[in-house]
Number of protein chains: 4
Amino acid sequence: MSSPPLGPRLEARKLKHLEVCLHYPVEFERTTGFERFELPYRALPESDLSRIDLRTRFLGKPLAAPLLIGAMTGGAARAALINRHLAEAAQRLGIGLMLGSQRVMLEHPEALASFQVRRYAPEALLIGNLGVAQLNKGYGAAELTRAVSLIQADALALHTNPLQEALQPGGDADFSALVPKLHALVPELPFPVLLKEVGHGLSPAVAAAVEGAGFAALDVAGAGGTSWAKVELYARYGELRHPELAEWGIPTADALLGVRRALPEMPLVASGGVRTGLDAAKALAMGAQVVALARPLLAPALESAEAVVAHLKTLLWELRVAMHCAGASDLAALARTELLPRRA
Amino acid sequence: MSSPPLGPRLEARKLKHLEVCLHYPVEFERTTGFERFELPYRALPESDLSRIDLRTRFLGKPLAAPLLIGAMTGGAARAALINRHLAEAAQRLGIGLMLGSQRVMLEHPEALASFQVRRYAPEALLIGNLGVAQLNKGYGAAELTRAVSLIQADALALHTNPLQEALQPGGDADFSALVPKLHALVPELPFPVLLKEVGHGLSPAVAAAVEGAGFAALDVAGAGGTSWAKVELYARYGELRHPELAEWGIPTADALLGVRRALPEMPLVASGGVRTGLDAAKALAMGAQVVALARPLLAPALESAEAVVAHLKTLLWELRVAMHCAGASDLAALARTELLPRRA
Amino acid sequence: MSSPPLGPRLEARKLKHLEVCLHYPVEFERTTGFERFELPYRALPESDLSRIDLRTRFLGKPLAAPLLIGAMTGGAARAALINRHLAEAAQRLGIGLMLGSQRVMLEHPEALASFQVRRYAPEALLIGNLGVAQLNKGYGAAELTRAVSLIQADALALHTNPLQEALQPGGDADFSALVPKLHALVPELPFPVLLKEVGHGLSPAVAAAVEGAGFAALDVAGAGGTSWAKVELYARYGELRHPELAEWGIPTADALLGVRRALPEMPLVASGGVRTGLDAAKALAMGAQVVALARPLLAPALESAEAVVAHLKTLLWELRVAMHCAGASDLAALARTELLPRRA
Amino acid sequence: MSSPPLGPRLEARKLKHLEVCLHYPVEFERTTGFERFELPYRALPESDLSRIDLRTRFLGKPLAAPLLIGAMTGGAARAALINRHLAEAAQRLGIGLMLGSQRVMLEHPEALASFQVRRYAPEALLIGNLGVAQLNKGYGAAELTRAVSLIQADALALHTNPLQEALQPGGDADFSALVPKLHALVPELPFPVLLKEVGHGLSPAVAAAVEGAGFAALDVAGAGGTSWAKVELYARYGELRHPELAEWGIPTADALLGVRRALPEMPLVASGGVRTGLDAAKALAMGAQVVALARPLLAPALESAEAVVAHLKTLLWELRVAMHCAGASDLAALARTELLPRRA
Ligand SMILES: Cc1cc2nc3c(=O)[nH]c(=O)nc-3n(C[C@H](O)[C@H](O)[C@H](O)COP(=O)(O)O)c2cc1C
Ligand SMILES: Cc1cc2nc3c(=O)[nH]c(=O)nc-3n(C[C@H](O)[C@H](O)[C@H](O)COP(=O)(O)O)c2cc1C
Ligand SMILES: Cc1cc2nc3c(=O)[nH]c(=O)nc-3n(C[C@H](O)[C@H](O)[C@H](O)COP(=O)(O)O)c2cc1C
Ligand SMILES: Cc1cc2nc3c(=O)[nH]c(=O)nc-3n(C[C@H](O)[C@H](O)[C@H](O)COP(=O)(O)O)c2cc1C
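Residues numbered from 1 in each chain as written. Chains lettered and ligands numbered in written order. Predicted model: local features only at pLDDT ≥ 70, side-chain atom pairs only at ≥ 80, totals over all residues. Heavy atoms only, no water.

Going by what an unreviewed UniProt entry lists, chain A is known as Isopentenyl-diphosphate delta-isomerase and is assigned to Truepera radiovictrix. Check the Function (unreviewed entry) section of the UniProt entry for chain A; it says "Involved in the biosynthesis of isoprenoids. Catalyzes the 1,3-allylic rearrangement of the homoallylic substrate isopentenyl (IPP) to its allylic isomer, dimethylallyl diphosphate (DMAPP)." Of chain A, the UniProt comment under Sequence similarities (unreviewed entry) reads exactly: "Belongs to the IPP isomerase type 2 family." (UniProt positions renumbered as here; feature names shortened; annotations may be inferred.)

If you want it as structure tokens, here you go:
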């Protein structure tokens with residue numbers, strides 16, 4: 001594993017990604033699919049809004065609400081700030097935090113500090129992050145373990161992103177033979193491992209391919225929110241080329257339902273375009289254990305932990321209203337709620 | 001039951017609700033669903049338009065047409081005027097009138113006069129109104145009976161509105177254990193009791209929950225007309241936040257069909273977005289005994305009884321044309337008419 | 001049958017109808033439904049465009065093409081001109097002509113001349129026209145026979161139009177007991193009788209009601225073209241009130257398919273929004289014997305017979321192209337062609 | 001076969017066609033239908049983008065990618081330039097080239113040179129082109145063979161275009177009895193023969209009609225790309241008349257699926273509106289052996305071979321990305337991929 005100084009090219013690209021995420025229309029045109037479903041409104045809910053119970057457990061840790069802050073890399077300059085604000089928010093809300101890709105940190109030790117947020121979130125569920133394609137570039141159990149232990153994380157998320165990498169100049173586009181590698185590697189690792197996409201979605205076929213590989217959870221990270229294909233294309237050309245590729249992916253609701261059916265017992269994270277408490281409620285009713293969101297937290301994270309907390313409090317309040325008016329006082333009741341097709 | 005002077009806050013809020021209802025876009029974007037159905041046009045109807053018979057009975061009283069003026073509170077200052085105009089219109093048209101919530105009147109006796117409209121509508125079916133959530137705040141048979149008898153009403157409508165209350169600052173958001181309370185209370189009451197929503201709809205599940213509780217009728221009060229979530233949100237923030245919550249609810253046609261299937265014998269009121277005679281005809285063909293509308297009558301009611309009468313006469317004329325051209329000379333024939341799906 | 005001088009009110013109204021038909025948006029928003037079907041394109045049609053055969057017979061007379069000019073009244077002043085141009089065009093094209101309502105002519109003999117167009121169309125199929133509601137106003141076999149014989153017509157079309165009459169000030173809105181009257185009357189009449197709507201459509205139920213009554217053909221006159229409800233509403237108010245009533249009706253394609261299924265042997269005219277040769281081809285493939293169109297011919301008819309001929313030649317050329325490219329060399333082959341649902 | 005000097009009328013028309021194709025909105029409004037299908041995104045594709053294998057064989061010749069340049073005539077003045085640039089591009093990319101109609105060349109020998117592009121594409125699959133309607137004008141095996149041998153083509157495409165010809169002033173609209181002629185003629189010809197439309201699509205019925213006639217492949221040339229009806233109408237009137245005829249045709253995806261089902265063993269070309277690598281990938285997954293595109297290459301072909309190569313390289317890169325992210329490393333794997341309906 002070489003360790004050259006943090007090259008200006010990688011640094012520049014990461015910065016550009018942030019700018020693109022903040023200022024370009026990188027959301028999918030296509031929708032998450034949640035809008036096709038209806039949480040049944042129950043005019044006599046038999047519940048008390050002030051006592052809706054959002055508590056749950058995920059990857060062995062208690063959460064005050066079924067919510068993770070989604071993985072976001074920040075570029076060396078701002079990563080430390082972003083990660084700290086996100087960690088403080090996670091701690092205050094009692095929710096989980098997925099960090100952005102730690103590859104930069106493994107390859108450029110000077111970047112390590114920006115990932116070390118455990119001190120700001122002593123009790124939060126903290127999840128590290130690496131790209132699965134790195135397994136074809138020499139990464140193995142040692143590197144993954146180092147990534148987790150250096151930041152005192154509770155778990156590791158491996159992201160798989162063939163479309164993003166294909167559209168990135170010099171992206172890692174060799175995804176060959178990763179499935180057997182994962183089957184061999186994951187059981188070896190001394191911490192829970194999660195598989196996630198970055199916004200184009202996991203399918204039932206992918207779920208089936210990793211069945212038995214030992215993943216602790218899958219994050220479907222479907223289409224309908226941030227399109228990482230769009231981020232790469234805007235970063236590369238300053239305009240949207242190949243718009244059809246940029247809209248490719250499995251809408252989050254379809255990804256969730258598909259993977260849930262393929263692996264009924266696997267804990268699932270619903271992410272990709274989760275924006276409101278009603279989205280979250282529908283995802284949880286469809287069988288997700290927790291939901292995650294990323295890009296909507298980017299601007300708040302650049303500002304302050306309070307801004308992140310405020311944003312998420314609104315979403316959690318909406319989730320409580322949604323559960324209350326659906327007659328679900330806790331997450332177990334919500335999970336039993338049957339969604340209806342939305343018509344008018 | 002405490003009785004403080006009519007606080008400026010409650011008064012202010014009610015006023016604000018009126019302003020919002022008059023001047024803000026508080027109608028649902030989503031539709032009632034009536035537009036998905038087609039009243040079958042019958043080119044040889046075998047009927048005479050001048051002899052279409054709209055007479056019916058509801059809650060034991062005869063009505064000249066299957067129509068109720070919907071429940072509207074008016075704020076102390078204007079309630080008296082509004083209620084009087086509505087009562088005079090009901091009397092002249094021979095239709096029913098549902099009054100707005102009487103909570104203010106029970107808690108602030110000086111508001112009583114504004115509800116006492118029996119003298120303007122000596123024969124009309126007059127229906128009182130209270131929120132079901134008050135049953136968790138100390139209200140019981142005594143209060144409900146007092147509400148009805150103080151205004152010489154024929155019946156009482158209990159409104160259930162968990163979404164509205166959840167969005168209202170200081171709203172009554174405790175809806176726990178109301179179903180058993182209703183089962184115990186309603187049979188005790190010496191007048192017919194109706195259960196209604198305020199525009200987000202009753203579902204088959206709610207209908208099933210109150211089966212056998214002794215309700216004389218259910219008013220589905222579905223989505224597609226006035227969104228009380230929007231009213232509360234505009235009143236609170238001056239803008240539309242949480243738009244998804246504001247659009248939540250069961251479209252009136254779906255609510256009607258669902259509740260009709262769940263409780264085939266229960267008399268039903270169709271309300272929420274009923275705007276035209278064709279809407280009314282479809283609702284009656286779907287199994288409603290009567291229809292009701294509220295917000296479209298607010299501006300006329302501030303003006304005069306004549307304005308209310310004129311508005312409703314137009315709707316009733318449309319209803320007669322619709323029945324005539326569907327070959328239904330009376331409401332029994334209309335109830336036997338099978339609607340078609342609307343396609344082009 | 002009284003015969004007062006042609007009152008200025010009736011005259012004025014008819015004039016107004018013409019103005020409205022020419023200058024107001026009286027077409028339905030809803031479509032005919034033909035756009036939901038696809039005539040199968042056949043890249044190897046085995047036919048010769050120059051030899052497509054449009055000849056047919058209708059009501060016992062040969063037609064050079066399966067086309068009727070639709071019924072249009074013109075108001076005393078312009079009826080003579082319009083009817084003459086239409087008759088000359090029918091003669092030149094070898095097609096049929098349905099005249100507008102002859103009620104004015106029966107009640108005001110001075111209007112007779114404007115209907116006497118046989119001299120301009122010695123061989124054309126000529127069809128008289130009266131409203132079925134007149135049967136409740138004293139009309140019987142004698143009046144109907146007089147209407148036909150005074151103008152040397154080959155047949156009579158009875159129009160039934162409950163929605164139009166309902167929206168017309170002073171309209172004839174008594175349609176009671178017409179079905180038995182028709183069953184008694186039609187078999188008595190010594191000429192073929194056709195039943196038609198005026199643009200809101202005949203349904204299977206109406207077809208079933210007149211089964212066995214002796215009609216020689218039914219003209220479904222469905223929704224999707226001229227809305228006579230709109231014509232009446234614009235004529236009455238200068239603006240579109242009651243828009244839902246104005247859009248009521250059975251789309252022409254649905255009316256045609258429905259009536260065809262109800263009465264498989266009954267000759268059918270498809271009208272209401274037939275605008276192009278492809279519309280005509282689809283209608284003929286769905287089982288119509290002939291198609292008719294009215295309002296698109298109004299402006300040409302005010303101009304000249306040539307203008308009418310030119311308009312209809314374009315439509316007939318399109319029909320021939322459509323038949324050619326569907327591989328149907330004649331109308332029998334077209335009638336055997338199965339339409340497909342249109343998707344993209 | 002007469003051979004008058006290249007008449008200014010034919011020449012002028014061809015030029016006009018080019019101008020119309022370049023500057024008028026001749027694309028269908030209706031879509032190819034590919035947008036109704038979804039290539040399944042596979043987040044763990046097990047493939048390496050740099051090793052995606054596009055090689056295939058078609059009509060007995062190897063191709064570096066499953067792609068043909070579509071048939072385009074160019075008018076005498078520019079045909080030579082266009083054909084040369086296209087041929088050079090085909091040679092460089094290792095793909096096939098379908099030339100435009102050779103009728104002009106057979107009837108006006110001075111036009112021959114512009115078709116003789118073998119020297120620019122010594123190894124490319126080169127396909128000649130004639131209209132099937134010429135078989136009713138005296139063309140037979142001799143003329144077809146001459147067309148192929150004069151330009152050293154590997155195969156001949158016969159285009160059938162009844163709608164285009166019907167809309168063209170003086171078009172060849174006699175398509176009678178061509179099916180038996182083709183059954184007699186094609187087996188006689190000493191080179192592979194392909195049947196194609198020009199953008200309105202082949203149907204299962206047409207496929208069935210030519211089953212057993214000896215065609216080496218069918219090019220469905222469906223609707224959704226260039227509408228040759230529009231090209232003719234703009235060329236004739238300068239505006240779009242008969243818009244419904246201009247939109248007639250079988251969307252390419254439907255044509256492909258229909259013909260594939262009718263003739264499961266027949267090699268198929270998918271063309272008509274193929275614009276992106278994802279379109280191509282879907283067509284290949286639906287069972288096409290190769291795809292073709294025409295009009296998007298017209299402007300580049302007027303410029304240079306490089307411009308054509310650049311355009312097609314982009315499409316091939318998109319195709320490789322699509323295959324990679326669908327987990328299909330080669331065309332056999334892509335052909336086994338099952339498409340999903342696209343929903344959100
Ligand atoms: C600025 C930014 C940086 C991201 N970086 C990473 C990353 O390093 N690793 C990863 O797995 N996902 C990364 N993501 C993807 C998100 O975790 C998430 O899957 C995706 O944005 C879809 O969720 P959203 O619609 O809520 O944004 C990033 C997203 C954003 C907006
Ligand atoms: C100004 C106003 C005040 C209302 N007040 C009450 C009320 O006090 N009690 C109640 O049950 N519903 C109340 N409603 C709700 C209506 O009765 C009705 O259910 C709802 O507005 C949907 O019907 P619409 O679409 O015809 O307006 C009120 C509605 C309006 C517009
Ligand atoms: C100006 C005008 C006058 C009409 N007058 C009559 C009439 O007298 N009798 C009748 O049966 N239909 C009458 N119609 C209706 C047409 O015959 C036809 O049914 C209707 O317009 C729908 O066809 P379209 O969409 O082709 O216009 C009239 C239509 C027009 C436009
Ligand atoms: C300028 C131009 C000329 C064409 N000439 C011919 C021709 O001579 N013979 C033929 O079979 N098709 C011809 N075509 C039709 C194309 O081969 C193709 O079938 C059609 O354009 C649809 O494909 P596209 O949507 O990719 O353009 C021509 C197309 C264009 C744009």
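Once the structure has been displayed, the description carries forward.
Undergrad: What exactly am I supposed to notice about helix α4 (residues 141-150) of chain C here?
TA: Since the α-helix turns once every 3.6 residues, residues separated by three or four places project in the same direction. All names here are of chain C. Among the residues of α4, E143, L144, A147 and V148 are the ones counted as buried. Buried residues of α4 fall within an arc of 130 degrees about the axis and therefore sit on the same side. Contact partners of the buried residues in α4: α3 (103-107), β6 (126-131), β7 (155-159) and α6 (178-185). The first or second residue beyond α4 is Q152, which carries a positive phi of 55 degrees. (Buried < 20%, exposed > 50% of the residue type's maximum accessible area, 1.4 Å probe, protein only. Helix = DSSP H or I, 4+ residues; strand = E, 2+ residues; numbered from the N terminus. Arc of directions from axis to C-beta. Contact = heavy atoms within 4.5 Å.)

Undergrad: What should I look at first to understand the interface of chain D and chain A in this one?
TA: One frequently used descriptor of interface size is the decrease in accessible area upon assembly of the parts. The interface is formed by 26 residues belonging to chain D together with 39 residues belonging to chain A. Counting across the chain D and chain A interface gives two salt bridges. Between D:R343 and A:D254 there is a salt bridge, and its shortest N-O distance comes to 2.9 Å. Here chain D is connected to chain A by 15 residue pairs in polar contact (both at pLDDT 80 or more). Among the elements of the structure, α11 (277-285) and α13 (305-325) of chain D are those that each provide at least two residues to the side of chain D that touches chain A. (Salt bridge = Lys/Arg side-chain N within 4 Å of Asp/Glu carboxyl O. Polar contact = N/O pair within 3.5 Å; in protein donor to acceptor, adjacent residues only side chain to side chain.)

Undergrad: Quick question: what am I supposed to make of the UniProt feature "binding site: FMN" (unreviewed entry) in chain A here?
TA: Residue and element names in this part refer to chain A. Per the UniProt record, the feature "binding site: FMN" (unreviewed entry) sits at A71, M72, T73, S101, N129, K196, T226, G273, V274, R275, A294 and R295. A stretch of 225 residues holds the annotated residues, and the largest C-alpha distance among them is 22.5 Å, long enough that they do not meet in one place. Examined against the element boundaries, N129 turns out to sit in strand β6 (residues 126-131). Take N129: its relative accessible area is 2%, and that puts it in the buried class. Ignoring any residue separated from it by four or fewer positions in sequence, one finds N129 in contact with A71, L99, G100, S101, Q102, L156, A157, H159 and K196.

Undergrad: How should helix α6 (residues 178-185) of chain B be read in this particular structure?
TA: Residue and element names in this part refer to chain B. Those residues of α6 that sit buried are L178, V179, L182 and L185. Within α6, the buried residues cover an arc of 135 degrees as seen down the axis, which keeps them to one side. Each element contacted by the buried residues of α6 is listed here: α4 (141-150), β7 (155-159) and α7 (204-209).

Undergrad: Just checking my understanding: could you explain the site of ligand 2 for this structure?
TA: All names here are of chain B. For ligand 2, the set of nearby residues contains 22 residues, the closest of which are A71, S101, K196, T226 and R275. Contact distances for ligand 2 include 3.0 Å between an oxygen atom and a side-chain N or O atom of N129. Here K196 contributes a side-chain N or O atom positioned 2.8 Å from an oxygen atom of ligand 2. When the free accessible area of ligand 2 is taken as 610 Å², the share hidden by the protein chains comes to 97%. (Near = heavy atom within 4 Å. Areas by Shrake-Rupley, 256 points an atom, 1.4 Å probe, with all protein chains shown as cover.)

Undergrad: I'm lost on the site of ligand 1 in this one. Help?
TA: Residue and element names in this part refer to chain A. Near ligand 1 lie 21 residues; those nearest to it are A71, S101, K196, T226 and R275. Contacts to ligand 1 include K196, whose side-chain N or O atom sits 2.8 Å from an oxygen atom. The side chain of T226 places a nitrogen or oxygen atom 2.6 Å from an oxygen atom of ligand 1. Surface burial for ligand 1 is 97%, taken as the share of its 600 Å² of free accessible area covered by protein chains.

Undergrad: Looking at this model, I keep getting lost on the sheet that holds strand β5 (residues 96-98) of chain A. Mind explaining?
TA: Strands pair in a sheet through their backbones, by hydrogen bonds, and they do so in one of two ways: parallel or antiparallel. All names here are of chain A. Spatially, β4-β5-β6-β7-β8-β9-β10-β11 is the arrangement adopted by the eight strands of the closed barrel, whose pairing is parallel. Geometrically, the sheet is characterised by an average inter-axis angle of 25 degrees between neighbouring strands, direction not taken into account. Two elements, strand β9 (residues 217-219) and strand β10 (residues 268-271), share two bridges in a ladder whose sense is parallel. Paired with D219 across the strands is V269, a residue of β10. (Pairing = 2+ DSSP bridges. Axes fitted to C-alpha atoms, helices over the stretch in contact; angles between N-to-C directions.)

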